[in-house]
Amino acid sequence: MPVQYYIFLSMALFCIGIMGTLIRRNAIIIFMCIELMLNAVNLLMVAFSKMYADSSAQVFVFFNMVVAAAEVSVGLAIIVMMYRKVHSVDINILNRLKH
Amino acid sequence: MSIYEILFWFLTIMAISSALGVILSRNPITSVLFLIVTFFAISGHYILLNAQFLAIVNIIVYAGAIMVLFLFVIMLMNLNADVEPQKGRLLQLAGVIAGGVLFLVILAALKSATVLPLEKTSSDIGLIKNLGRVLFTQFVLPFEISSVLFLSAMIGAIVIGKKEETKNPLTP
């Protein structure tokens, strides 16, 4: 299987994530689309690691997962706090950054 | 068509269709479940690429921890029965066109890129032994720094998510 197929697959996943970020209004769904984009990048890194027979890229995928986990914990805490204030996760209501 | 190619196309179709399901489904719970299916498909791709350790870690961390966190938050907010207001048709069309145009541009740019063929012989770089050796010799400083990142994320999540106490009478 040539590596181009993996490149195109991760590009497709990344662009689906971008589309989801642009067309949805639910903040949690937007977070999930960001996770999807991070995973597309991870898949591309693993494919390149196989291509060059180098395991540094796989270690970077590991760090990528660390950053994603930290980002999700803080982001979901922010969303929960916002929901407590305004009782909505609609980003058109959340875009004022103060109540 | 070998079993490898059949598995590749099956996992690819599964990943892309469930990723479309994430952004198209109305119910947030359904979106989370589709995203878990996507992560399992990506883990299958990792196994096909001989990255067994990352496949297991992907399932444990993403499908096990992060998605449970998402589900927990959605159920805590009781959003599963809520009807989400939609963006306007024009805005949705603009978003789809923007994403599609980005896809076309990257596709056109990478179509003629010169790449090496995927290595067939060296199949042990994704095993936990080699990965651990690289992680603890070459990347030991970023590994330790990531623990500080986790600590700060944990403290930040606790501080942000804490219930607001009564107002301090000294502040106006």
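Residues numbered from 1 in each chain as written. Chains lettered and ligands numbered in written order. Predicted model: local features only at pLDDT ≥ 70, side-chain atom pairs only at ≥ 80, totals over all residues. Heavy atoms only, no water.

S.K.: I tried to follow the interface of chain B and chain A on my own but got confused; where do I start?
M.R.: How large an interface is tends to be reported as the accessible area lost when its parts come together. Contacts between the two partners involve 81 residues from chain B and, on the opposite side, 68 residues from chain A. Buried area between chain B and chain A, both sides added, is near 7,200 Å², and the carbon and sulfur share of it is 78%. On the chain B side of the contact with chain A, Ile23, Phe70 and Met77 of chain B bury the most area, a combined 9% of that side's loss. The interface formed by chain B and chain A contains 0 salt bridges. Connecting chain B to chain A are 5 residue pairs in polar contact (both at pLDDT 80 or more). The element best represented in the side of chain B that touches chain A is helix H1 (residues 3-24) of chain B, accounting for 12 residues. (Contact = heavy atoms within 4.5 Å. Buried area = accessible area lost by both parts, 1.4 Å probe. Salt bridge = Lys/Arg side-chain N within 4 Å of Asp/Glu carboxyl O. Polar contact = N/O pair within 3.5 Å; in protein donor to acceptor, adjacent residues only side chain to side chain. Helix = DSSP H or I, 4+ residues; strand = E, 2+ residues; numbered from the N terminus.)

S.K.: Got a minute to help me understand the domain arrangement of chain B in this structure?
M.R.: Residue and element names in this part refer to chain B. Here chain B is described as being made up of domain 1 (1-81) and domain 2 (125-161). When each unit is reduced to the centre of its C-alpha atoms, the spacing between domain 1 and domain 2 is 23 Å. Listed by partner, the interface residues are 4 residues for domain 1 and 4 residues for domain 2. On the domain 1 side of the interface with domain 2, the three residues burying the most area are Asn50, Gln52 and Phe53, jointly 87% of the side's total. In this structure, the connection of domain 1 to domain 2 is made through 0 salt bridges. Scanning the region where domain 1 abuts domain 2 turns up 0 residue pairs in polar contact (both at pLDDT 80 or more). Residues belonging to the side of domain 1 that touches domain 2 are distributed by class as follows: 2 nonpolar, 2 polar and no charged. (Domains from an automatic or database assignment. Nonpolar A, V, L, I, M, F, W, Y, C, P; charged D, E, K, R; others polar.)

S.K.: I would appreciate a short explanation of the environment of Phe53 of chain B in the present structure.
M.R.: Within the secondary structure layout, Phe53 of chain B lies in helix H3 (residues 52-77). In this structure Phe53 of chain B touches Phe62 of chain A together with Gly126, Ile128 and Leu131 of chain B, once residues within four positions along its chain are discounted.

S.K.: What am I meant to see in the environment of Ile29 of chain B here?
M.R.: Residues and elements named next belong to chain B. Mapped onto the elements of the fold, Ile29 is located in helix H2 (residues 28-48). On the accessibility criterion, Ile29 (15% relative accessible area) is buried. For Ile29 and Phe70, which are 41 residues apart along the polypeptide, the C-alpha to C-alpha distance reads 9.0 Å. (Buried < 20%, exposed > 50% of the residue type's maximum accessible area, 1.4 Å probe, protein only.)

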